[in-house]
Amino acid sequence: MPDVPEPMVKLVRWTTEPAATQTLRSTAAAVIAYVAAVWLLPQPAPLTAPLTALLVVQVTLYSTLTTGIRRVNSVVVGVLIAIGFSALVGLSWWSLGLTIFSSLLIGRVVRVGEFVPEVAISAMLVLGVTRVADTAWDRVLETLIGAGVGLLFNLLFAPPVWVQSAGDSIDSLARRIGALFRDMGGEVAGHLTVERAAGRLHEARRVDHDIVEVDAWLRQAEDSLRWNPRVREGALSRIVLRTGLDTLEICAVVMRVLSRTLTDLAKHRTEESLFDDDVAAELEDLLDHVAHAIESFAVLITTQVAANAQSAEEQLGQALVDSRASRDRTAELLLTTVREHPRQWQLHGALLAEVDRILDELAVEKRSERLVEELDRYSREQSDRHPRLHMIKNRLGAARDALR
């Protein structure tokens, strides 16, 4: 069998990604809206229809259904403003400025939410092609056709699920945290300068920016799971990823505190080694085990197949066992060191306390407990938000149990 050319492999890989899928979907929806408008309306170039379809087709089905009405309102208002200005004053630099100003002002009055700029955008785009339509009603019909096509397109062809992208971002975050732990472990042997310790602390603080980016990916994934017919257990997937990110965020905070502790030790030991050789070797081994545990935890929460999840849970369990064993050995060595040289004993205890906090957060029992709490909270929120639907589900469940 001949080898597949590399460009073809990249093309196939690109077309299977959510971003590529959304690009193709948006293009198809806009073209379909244009064809439908040409067939239903007498205008030769009803460009407002594909414009509206392009705006309405969102990245997720949830955002389409929740924001579609506001988007339609913003487009319709912008269309009416453009037609009014075109009929009265035509297109010029001052009329364009007045159109934009009026659109932004009216957009806030009609309460289209975050789509106020789209009122002005729609007005500007329509202002140049208003002569194609004879009446404002024709332009509004084009808008409604485009909105209808966009909504139906997302209902018939469900948008992509962004769980894999969110999982990849969580995995990258865990690997970055793990790499920082290993870097810290590699610096505890020998003399650690204050400058190098402070630099590591600065890197630990920068992880907060990565968490913000991962949170944005996760929010998009959560929206893509809501009301998506291709997803059966969307709520569970959202909660698993969200609680997993919360755990990694706690690990990042503790890592920052641990970096601060090592920096404080470096400030007190400017002319000597940070730890004795045997303590440094065991502490380096401990931080390596902690890094492996964090990475294994990320693999566990981002694994979709049950068999792989079982393997990931076993790896996490073994990593935690190794970490706790190494932690106990490190504690014994630190205790001996403190008895001989009791300087900065509180910082030694802080190191152990920070490691304990991470291992406690990564524990399988802690994760299960948090998942149960979040599922219960989600169920209560749903029942409070939709009490009648919750009552119907309970009755159906009771009837099903009675038939059994």
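Conventions adopted
- Residues numbered from 1 in each chain as written.
- Predicted model: local features only at pLDDT ≥ 70, side-chain atom pairs only at ≥ 80, totals over all residues.
- Heavy atoms only, no water.
- Helix = DSSP H or I, 4+ residues; strand = E, 2+ residues; numbered from the N terminus.
- Buried < 20%, exposed > 50% of the residue type's maximum accessible area, 1.4 Å probe, protein only.
- Contact = heavy atoms within 4.5 Å.
- Areas by Shrake-Rupley, 256 points an atom, 1.4 Å probe, with all protein chains shown as cover.
- Core = buried A, V, L, I, M, F, W, Y, C linked by side-chain atoms within 4.5 Å.
- pLDDT = per-residue confidence, 0-100.
- Axes fitted to C-alpha atoms, helices over the stretch in contact; angles between N-to-C directions.
- Parallel < 35°, antiparallel > 145°, perpendicular 65-115°, else oblique.
- Left-handed = near helix turned anticlockwise from the far one by under 90°.
- Nonpolar A, V, L, I, M, F, W, Y, C, P; charged D, E, K, R; others polar.

## A look at the overall build of the protein chain
Then, in step 1: The number of helices and strands found in the protein chain is 15 helices and zero strands.
Then, in step 2: Burial statistics for the protein chain: of 404 residues in total, 45% are counted as buried.
Then, in step 3: When contacts within the protein chain are restricted to residue pairs at least 6 apart in sequence, those whose partners lie at least 24 apart make up 80%.
Then, in step 4: Here the protein chain has roughly 21,600 Å² of accessible surface; of this, 60% comes from carbon and sulfur atoms.

## Focus on the nonpolar core
Then, in step 1: Membership of the largest hydrophobic core comes to 61 residues, with the highest contact counts inside it found for Phe181, Leu262, Phe275 and Ile294.
Then, in step 2: Going through the elements one at a time, helix H8 (163-187), helix H9 (194-225), helix H10 (234-268), helix H11 (277-302), helix H12 (306-340), helix H13 (345-362) and helix H14 (364-385) are the ones with two or more residues in this core.
Then, in step 3: When neighbours within four sequence positions are excluded, Phe181 is seen to be in contact with Met255, Leu258, Leu287, Val290, Ala291, Ile294 and Ile358.
Then, in step 4: Within the second largest apolar cluster, nine residues are counted, among which are Leu55, Ala82, Val126 and Leu127.

## Some words on the confidence of the model for the protein chain
Then, in step 1: Confidence in the prediction for the protein chain averages 78 pLDDT; 77% of positions are at 70 or higher.
Then, in step 2: For the protein chain, the element scoring lowest by mean pLDDT is helix H1 (residues 6-15), at 42; H11 scores highest, at 91.
Then, in step 3: This model gives residues 6-16 a pLDDT under 50, and the stretch forms five contacts once residues within four places in sequence are excluded.

## Overview of the packing of H11 against H13
Then, in step 1: Where H11 contacts H13, the axes come no closer than 10 Å and their chain directions differ by 25°. Classified by the angle their axes make, H11 and H13 are roughly parallel. The way H11 lies across H13 gives a crossing that is left-handed. Across from Leu283, Leu286, Val290, Ala293, Ile294 and Phe297 in H11, the residues of H13 making contact are Leu351, Val355, Ile358, Leu359 and Leu362.
Then, in step 2: Of the residues contributing to the contact of H11 with H13, the split by class is 11 nonpolar, no polar and no charged.

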